There are 2 protein chains.
Amino acid sequence: MEALPPSLLGLTTYLLSKTGKAARGRLAARLAADGLRMWHMAVLAALADFGPHAQRDLSARLGIDPSDVVKVLDELSAPGFVDRARDPADRRRVTATITAGGRRELTRLTREARAIQDELLAPLDVAERDQLHALLTRILV
Amino acid sequence: MEALPPSLLGLTTYLLSKTGKAARGRLAARLAADGLRMWHMAVLAALADFGPHAQRDLSARLGIDPSDVVKVLDELSAPGFVDRARDPADRRRVTATITAGGRRELTRLTREARAIQDELLAPLDVAERDQLHALLTRILV
DNA sequence: CCCAATAATAGGTCTTCACCCACTATTTCA
DNA sequence: TGAAATAGTGGGTGAAGACCTATTATTGGG
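Reading the values: rules and limits
- Residues numbered from 1 in each chain as written.
- Chains lettered and ligands numbered in written order.
- Predicted model: local features only at pLDDT ≥ 70, side-chain atom pairs only at ≥ 80, totals over all residues.
- Heavy atoms only, no water.
- Helix = DSSP H or I, 4+ residues; strand = E, 2+ residues; numbered from the N terminus.
- Rg over C-alpha atoms; globule rule 2.2 N^0.38 Å.
- Buried < 20%, exposed > 50% of the residue type's maximum accessible area, 1.4 Å probe, protein only.
- Contact = heavy atoms within 4.5 Å.
- Areas by Shrake-Rupley, 256 points an atom, 1.4 Å probe, with all protein chains shown as cover.
- Lys, Arg positive; Asp, Glu negative; His and termini not counted.
- Charge placed at Lys NZ, Arg CZ, Asp CG, Glu CD.
- Buried area = accessible area lost by both parts, 1.4 Å probe.
- Salt bridge = Lys/Arg side-chain N within 4 Å of Asp/Glu carboxyl O.
- Polar contact = N/O pair within 3.5 Å; in protein donor to acceptor, adjacent residues only side chain to side chain.
- Near = heavy atom within 4 Å.
- Nonpolar A, V, L, I, M, F, W, Y, C, P; charged D, E, K, R; others polar.
- Least-squares fit on C-alpha atoms with pLDDT ≥ 70 in both.
- Axes fitted to C-alpha atoms, helices over the stretch in contact; angles between N-to-C directions.
- Parallel < 35°, antiparallel > 145°, perpendicular 65-115°, else oblique.
- Expected span 1.5 Å × (residues − 1).

**Q** Summarise the overall build of chain A; cite the residues concerned and give the values.
**A** Secondary structure summary: chain A contains seven helices and three strands in total. In chain A, the succession of α and β elements from N to C terminus is α-α-α-β-α-α-β-β-α-α. For 141 residues, the compact-globule estimate of 2.2 N^0.38 gives 14 Å, and chain A exceeds it by more than 25% at 18 Å. In terms of its C-alpha atoms, chain A occupies a principal-axis envelope of roughly 65 × 30 × 25 Å. Considering chain A as a whole, with its 141 residues, one finds that 44% of them fall into the buried category. Contacts spanning at least 24 positions in sequence make up 48% of the contacts within chain A whose residues lie at least 6 apart. Carbon and sulfur atoms form 54% of the exposed surface of chain A, whose accessible area is close to 7,000 Å². Placing the 21 positive and 18 negative side-chain charges of chain A at their respective mean positions leaves the two points 4 Å apart.

Here it is as structure tokens:
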């Protein structure tokens, strides 16, 4: 008397929604322990992977509202994870750069994300996890 | 200059979160066209698959707060998708039953969910979709 | 050189969602 | 039979997300 309705479990849409929610929920919980949220990690990742960004470029790359970028950067620069400096070439722009501390934080968060992933994907063996990863990647294209 | 950070795309957790959000978003949009939300569909599915439920049992099966079950059933009985009747054996209980109209609505919603699914999973062939479905099923246990 | 466009920022709104509390009716059981 | 537990209901709250607007500083095009 505890099973979920097969009508729903037969929909991949539903399974995606549900596993996605589980994944996001767990990841968000770990981030919250550091006072952070998803966007903070995304911004750190973007800065680490692609180098310094004007805030507008972060907004475009990640699809966040420009005014929310401001808030995220406020919260990332407080603990010293990013530096903000006005661009001398165009003084309207503010360039955000990840610091050594920010890189360390990102590494920590990534490690924890993988731990969460291992819990969530426990029923799958390594080959299957790779398969899943590849399929999801192709969906997002 | 538009790519997402590989640091994120390398995390299955992130991919799940993102595809899940896409799936939920699209499904929610279709449901909203009928003035419904996820839980409405879940409740209809539970009633169709397992027969009439006391509200408390719906709450337990689907993991919704009992007070939210009330609201969902209010909205499902307004258009006549479910009937509510007090259980004569235990007059505290209210038994919810899906109507013929409710079954028709569920069929419609399911058909639309499959259409959404086809859009979302367009990059995958049929075998791969089955694979994805099987993997996600095993994750949810 | 002036005006329109651009970048950042501060501040706010509007939903959605999960959750919680108080209250009533009814049942169970000591 | 009286007290405790259970079922449903109504009316909230609080957090999180996405979005929107006005303002200021700065730039570049006509």
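Having put the structure on the table, let's press on.
**Q** Break down the interface of chain A and chain B for me, with residues and values.
**A** Every contact between the two is made by 52 residues of chain A and, on the other side, 52 residues of chain B. Between chain A and chain B, a total of about 5,300 Å² is buried, with carbon and sulfur atoms accounting for 69% of that surface. Per-residue buried area on chain A facing chain B is highest for Thr13(A), Arg61(A) and Ile139(A); these three make up 11% of the total on that side. Where chain A packs against chain B, one counts two salt bridges. As a salt-bridge pair, Arg138(B) and Glu128(A) come within 2.6 Å of each other at their nearest N and O atoms. Run the count over chain A and chain B and you get 20 residue pairs in polar contact (both at pLDDT 80 or more). Secondary-structure elements contributing two or more residues to the side of chain A that touches chain B are α1 (6-9), α2 (12-33), α3 (38-50), α4 (55-62), α6 (100-120) and α7 (126-140) of chain A.

**Q** If you had to explain helix α4 (residues 55-62) of chain B to someone new, which residues and values would you point to?
**A** An α-helix turns once per 3.6 residues; consequently, residues spaced three or four apart project the same way. All names here are of chain B. For α4, the full list of buried residues reads Gln 55, Leu 58, Ser 59, Arg 61 and Leu 62. Those residues of α4 hidden inside the fold are in contact with α3 (38-50), β1 (53-54), α5 (66-77), β2 (82-86) and β3 (94-98). In the segment just after α4, Gly 63 is the residue with positive phi, at about 75°.

**Q** So, the protein's contact with DNA strand D: which residues are in play, and what are the values?
**A** Lining the immediate environment of DNA strand D, one finds 22 residues, of which Ser67(A), Arg92(A), Lys21(B), Gln55(B) and Arg56(B) sit closest. Expressed as a percentage, the sugar and phosphate content of the atoms of DNA strand D within 4 Å of the protein is 68%. Separating a phosphate oxygen of DNA strand D from a backbone N or O atom of Arg91(A) is a distance of 3.0 Å. Where the surface near DNA strand D is concerned, the elements lending two or more residues are α5 (66-77) of chain A together with α4 and α5 of chain B. For the surface near DNA strand D, the per-class residue count stands at five nonpolar, three polar and 14 charged.

**Q** Please set out the pattern of salt bridges residue by residue, giving values where relevant.
**A** All names here are of chain A. In total, this model carries 24 salt bridges over all chains according to the counting rule given. One salt bridge connects Asp 90 with Arg 92, and the closest N-O pair in it is separated by 3.0 Å. For Arg 92, a relative accessible area of 70% puts it in the exposed group. In this structure, Arg 108 and Glu 112 form a salt bridge, with 3.7 Å as the shortest nitrogen-oxygen distance. With Arg 108 and Glu 112 both in helix α6 and four residues apart, the pair spans about one turn of that helix. Judged by its relative accessible area of 22%, Glu 112 is partly exposed.

**Q** Any chance you could break down the relation of the copies chain A and chain B for me, citing the residues and the numbers?
**A** For the pair chain A and chain B, the relating rotation is 179°, the translation along its axis is 0.0 Å, and the fit reaches an RMSD of 0.1 Å. Overall, the copies show the geometry of a two-fold rotation axis. The C-alpha atom lying nearest the rotation axis in chain A is that of Gly20(A); the distance is 2.1 Å. Of the residues that chain A buries at the interface, 100% are likewise interface residues in chain B, meaning the two copies contact each other through the same surface.

**Q** Please set out the packing of α2(A) against helix α6 (residues 100-120) of chain B residue by residue, giving values where relevant.
**A** To describe two helices that pack against each other, one gives the angle between their axes and the distance between the axes. Relative to each other, α2(A) and α6(B) sit at 70°, their axes nearing to 8 Å. Comparing the axis directions of α2(A) and α6(B) gives the class roughly perpendicular. The segment α2(A) lies against α6(B), with Thr12(A), Thr13(A) and Leu16(A) engaging Ala113(B), Ile116(B), Gln117(B) and Leu120(B). Its residues assigned to classes, the contact of α2(A) with α6(B) comprises four nonpolar, three polar and no charged.

**Q** Give me α3(A): which residues, what numbers.
**A** Residues and elements named next belong to chain A. Helix length check: α3, at 13 residues, gives a terminal C-alpha distance of 18 Å against a target of 18 Å (1.5 Å per residue), a fit within 8%. Among all positions of α3, only His 40, Met 41, Ala 42, Val 43, Leu 44, Ala 45, Ala 46 and Leu 47 are buried. Trailing α3 by a residue or two, Gly 51 shows a phi angle of about 85°, which is positive.

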